[in-house]
Structure formats: structure tokens, C-alpha cells
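Residue-level structure breakdown
Chain by chain, the residues run as shown.
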Amino acid sequence: MKLLTHIIKTEWKSLLRGKWVIGYTLIFLLLTDSLLRFGGGGPETLLSLSNVMLLFIPLVGMIYGILYIYQSREFVELLLTQPIDRKVLYWGLFLGISTPLMAAFIIGSLLPLAWHGILVLDSSSSALVLGLGGMLTLIFVSLGFVFGLMFYDDRIKGFGFTIVIWLFLAILYDGIVLLLVFVFGDYPLEQFVIAASALNPIDLARILVMLEFDISALMGYTGAVFNRFFGQSTGLITASGMLVLWLITPTWLGLRIFKKKDF
Amino acid sequence: MIEIKDLKKSFGDLQVLKGMNIAIPKGQATGIVGPNGAGKTTLIKTILGLVKPDSGTLHVNGTRLNGDWLYRRDIGYMPQVARYPENMRVYELLNFIKGLRDQEAVYEQELIEQFNLQSELEKPLRTLSGGNRQKIGATLAMMFNPDILFFDEPTAGLDPRSSHKFKLRVKKEREEGKTIFITSHIMSELEQLVDHVIFILDGNIRYYGTMSDLLEHSQEDRLEAAIARLMDEPMYGTGSELKQSEETTSPLKMELA
């Protein structure tokens, strides 16, 4: 435990010194503030913020995770020759680099929400959006780790794979599901649609946002089915549970690869 | 004491270690030589636990390597390429590694002075020259006073003065009874630092013994010439296979041309 915090602290320090985590915070600060100024505040602003978040956090998280693996290759190898458990090193590195990124998003968006008074007005919705952003950060940094470890010697492939996965999950997915529903419209498809949305963490997060704001018109097909099938509160709980599974699976997979890998 | 029995390792279709057997007693200084891609680095990485063998056993100081990590308390490793987090400062790196190893860094000050690193301690690692980074690597390897030391191409980036100091330091470690491994392509350097040689070719150990025996056997007076001779010697096994494959590929190349 002492070892783990030692690794995490060192990573924090060196990340804070590289100024770009602070830049990332400022981007969300400016974005949220301007959305609040021009959007007039209220739930619409939170919705716009969550739309930006659903698009960019996955991309930034994955690129950040894979870049870390590629950039600190020699350093990680040196650390692996020290008398420490690979498991501890993995958690130390993962938490050490993912938590600052998570904090950057949360702090950057939280501050404008606080000074515009939205945090008090819509506290549960704000908490949900911020929490989801943090969760997505962890999920996608760990996915970046997994791809970095899988394509350890082939950076071009690793980056290419990352971009394709992001395009697929963030942009194409809902369209493909809709197309399938359109083609197989004569069959009962509710369970298929629910399974399909559970396979995409971005979709799950989107559904959670839509359920919270209760805007069926904006819900997208998977969201509407989710709402009808589970109702609002059960839907929220089910989708959250699936998202937690989405956090556990890639981190565990990354750990497994890290433990077995030849460096 | 390091004992290796029938060690095999493949990366995909490529067999890198083809059943190595070797026992290295405590206190011996050994040079590991061989052409690029022969398996030197893989052998070292396997002993360090970075690479997991497909089959065979390894014992380091009586501990069998099997996912265990405590045995690395006795090992210091200086990598060939030294790259560290860019924003970290030198003293922070030293503190970081000290926090990872629950051991006293007895030689820290001594090594910093010896390698003239005092003025570099406050600098971020990205601003350091390649040679200074190498010296930091050497410091990290030796400061905990481990029994077994690995140096992978240690003097490649060092200026003559630092290289000389490094060699003096290795000689001192050797006199203290440390087990030392050095890989290098500079044979004159190995002549100064080690007395035993492991020659690896195509994943096999071709020669393991004292340097004087090797010189005597090959009737050469320099290690470089003796090793060059070992590489050229048409020998049984993998050597002849290599020749054959060269012959079969060359007509193909001509057709393509």
C-alpha cells in the first residue's frame, strides 16, 4: 500500500509539472463557462457539456493511456527490474496517470458550474455529468493501456486501432444499431438493443444522461428502448452497473497482460 | 550464484534462446558477447524477470524464478538505453527508486561524487546529456550495493573520463566479490573488466569459460580476434544451417533483381 501511494504520488508530481494537464483543465473551464454564459444556464447547458464530454473524453483518455505506455517504455522496464510486484506497479502507474486526468475534467467543469450557481440548482444532474466524465476517463485510459500493451512494438498499429475504436464507439455505433433495427424491424428487438447499448460505454453514459434529464426526444433509439424497458430509476441503476463492469473489465485485462508480458 | 537449465524462449516463430545451460558462481565477472540478435539481451532480461521463459529453470541465489520478485533485491541493472520521465528531476528519480526498494542506498553519495553528478541533481532529466543519463543509470544500479550487477553496453555513451571512472568503479565492485555481467561490443573494454566470457550465437551458448583459455585455444592474443574467429569458424549445428539458407536464398534474390 505504501509502495502504491509512492508510485502514484511520483506520477502526479511529474504530470503536474508537464503543463498540459493544467491546459486540459482550462479547456473544460472555458468551455463550461462559455456554455453557461451563452446557453442561459439550466439543464440545456449540462446537456451540451455532456455531449462534448461524451465525444472527447474517450478520445483524449485513450490517446493519453497509449501514449504513456509508448513514451515511458524504457522507464517502465527499469522499474520492472526493481524488487516490486508487477501488480503493484500496474495499479500505481494506472491510477497515477488516470486520476489527474479525471481530476482535470471534474475541477475544470465544476468551478464554472459552482460560480454560476448551477451546482446548487441542479446538484444531482451536475453530479451525474461530472461523475460520468470521471468514469469515462478511467475506462478509456485503461483501454489505452490495454491497446498500448497489446501493440507494444507497433505504435502505428496501436494508434490506428485506438482511433478506429473511438470512431466506432463514439460516432458510428448508434447509427449501426439503428440500421439493424430498421432492417429487422419485424422482429422483437428490445433485448438486442439493450445488449447492444451495454456493449458500448459511451452509449451507456449517454443513456444515463438522457434518463436523468428525461428527454425522450433526444434519447436516441437505444435510450428510448432503455427507458421503456426499465423505467427511469431501474434504468439508471442498470446502466450504472453496466458502466462499472466496463471499468472493471479493461483494467483487469490490462493487469493480466501486464503481468504476463515479456518486456 | 546463477543457475540456468535448458532455458528456451521464442517470440512468435523466432526461437531466441534454444536451450541454454549455464552456472555462474558468485563473485565472477563475466562478459557476454555475440552478434546483434544472438540472444544476449533476452538472456539478461530473462534473469531480470522482464521476459518469462517458455521452458527451463532459473535459479538466482537459490531462489527459483517463478513470478517471484524479492530475488531482485540482490540485483542491480544498468540498461543500455536510459530514458526517464522528462519532467522529473534527478534527485526525485533517485528518491523514487529508493522508495521502491526497501533498502538503504549506501553508495548513493559516493557514486554521485565519483560520477560528478552533484551539479545535475536539481535538473530535469530531459535536459541531461546522454552520458549523464548513463551515469545516473549506473548510480541506480550500484547504489543499493547488490550482489549481482548487470551492465548492458555501459560505456557506449560515455566520454573517456567518465568511462575510465566507470571502469574503476566496476573493478572495485569486483574486488568486493560482486557477481558482474557486462555485455559489450568493445572487446578491449571486456579485457579490462572481466575474466570469463560467454559467447552466444543464434540462441546457443557457443563458448563459456575463462578468457585466457579462449585466447590460448584460438592462438590469438586479443579477445577481438578470438571472438571474430569463433564467429567465422564453420561449425556443426546452427552454423551450417545458416550457410545452407544463405545458399538457397541467393538465387531467389537474383531472380528478383
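Residues numbered from 1 in each chain as written. Chains lettered and ligands numbered in written order. Predicted model: local features only at pLDDT ≥ 70, side-chain atom pairs only at ≥ 80, totals over all residues.

Concerning the nonpolar core
Within the largest apolar cluster, 65 residues are counted, with the highest numbers of intra-cluster contacts made by Leu132, Leu204, Ala205 and Leu208 of chain A. Tallying contributions element by element places helix α7 (residues 123-150) of chain A first for this core, with 15 residues. Within the second largest apolar cluster, 61 residues are counted, among which are Ile4, Tyr71, Met142 and Ile148 of chain B. (Core = buried A, V, L, I, M, F, W, Y, C linked by C-beta atoms within 7 Å. Buried ≥ 20, exposed ≤ 12 C-beta atoms within 10 Å, placed from the backbone. Helix = DSSP H or I, 4+ residues; strand = E, 2+ residues; numbered from the N terminus.)

What about the sheet that holds strand β3 (residues 29-33) of chain B?
Residue and element names in this part refer to chain B. Ordered in space as β6-β7-β8-β3-β9-β10, the six strands form an open sheet in which the pairing is mixed. Only two strands of the sheet have a single neighbouring strand rather than two, namely β6 (75-78) and β10 (204-210). Here the average twist between neighbouring strands, direction ignored, is 15°. Pairing geometry for β6 and strand β7 (residues 148-152), over four bridges, is parallel. Across the sheet, the residue bridging to isoleucine 75 is isoleucine 148, located in β7. Sheet strands in contact with helix α7 (residues 211-218) are β9 (196-201) and β10, and its direction is about 105° off that of β10. (Pairing = 2+ DSSP bridges. Axes fitted to C-alpha atoms, helices over the stretch in contact; angles between N-to-C directions. Contact = placed C-beta atoms within 7 Å.)

Overview of the pairing of strand β1 (residues 2-11) of chain B
All names here are of chain B. Direction of pairing for β1 relative to strand β2 (residues 14-24): antiparallel, over a ladder of eight bridges. Along β2, the bridge assignment pairs glutamate 3 with alanine 23. Turn length for the β1-β2 hairpin, with the two strands adjacent in sequence and antiparallel, is two residues, and the turn residue glycine 12 shows positive phi of about 65°. Two elements, β1 and strand β4 (residues 55-60), share five bridges in a ladder whose sense is antiparallel. Across the sheet, lysine 5 pairs through a bridge with threonine 57, a residue of β4.

Let's talk about helix α1 (residues 2-17) of chain A
A rise of 1.5 Å per residue sets the reference length of α1 of chain A, with its 16 residues, at 22 Å; its end C-alpha atoms lie 23 Å apart and thus fit the reference within 8%. Every buried residue belonging to α1 of chain A is among Ile7, Thr10, Glu11, Ser14 and Leu15 of chain A, and all of these are buried. Across the axial projection of α1 of chain A, the buried residues extend over an arc of 130°, all falling on one side. Exposed side of α1 of chain A, more than 90 degrees from the buried face: Lys2 and Leu16 of chain A are the residues found there. On the buried face of α1 of chain A, the contacting elements are α2 (20-39) and α5 (86-115) of chain A together with α2 (90-100) of chain B. (Expected span 1.5 Å × (residues − 1). Arc of directions from axis to C-beta.)

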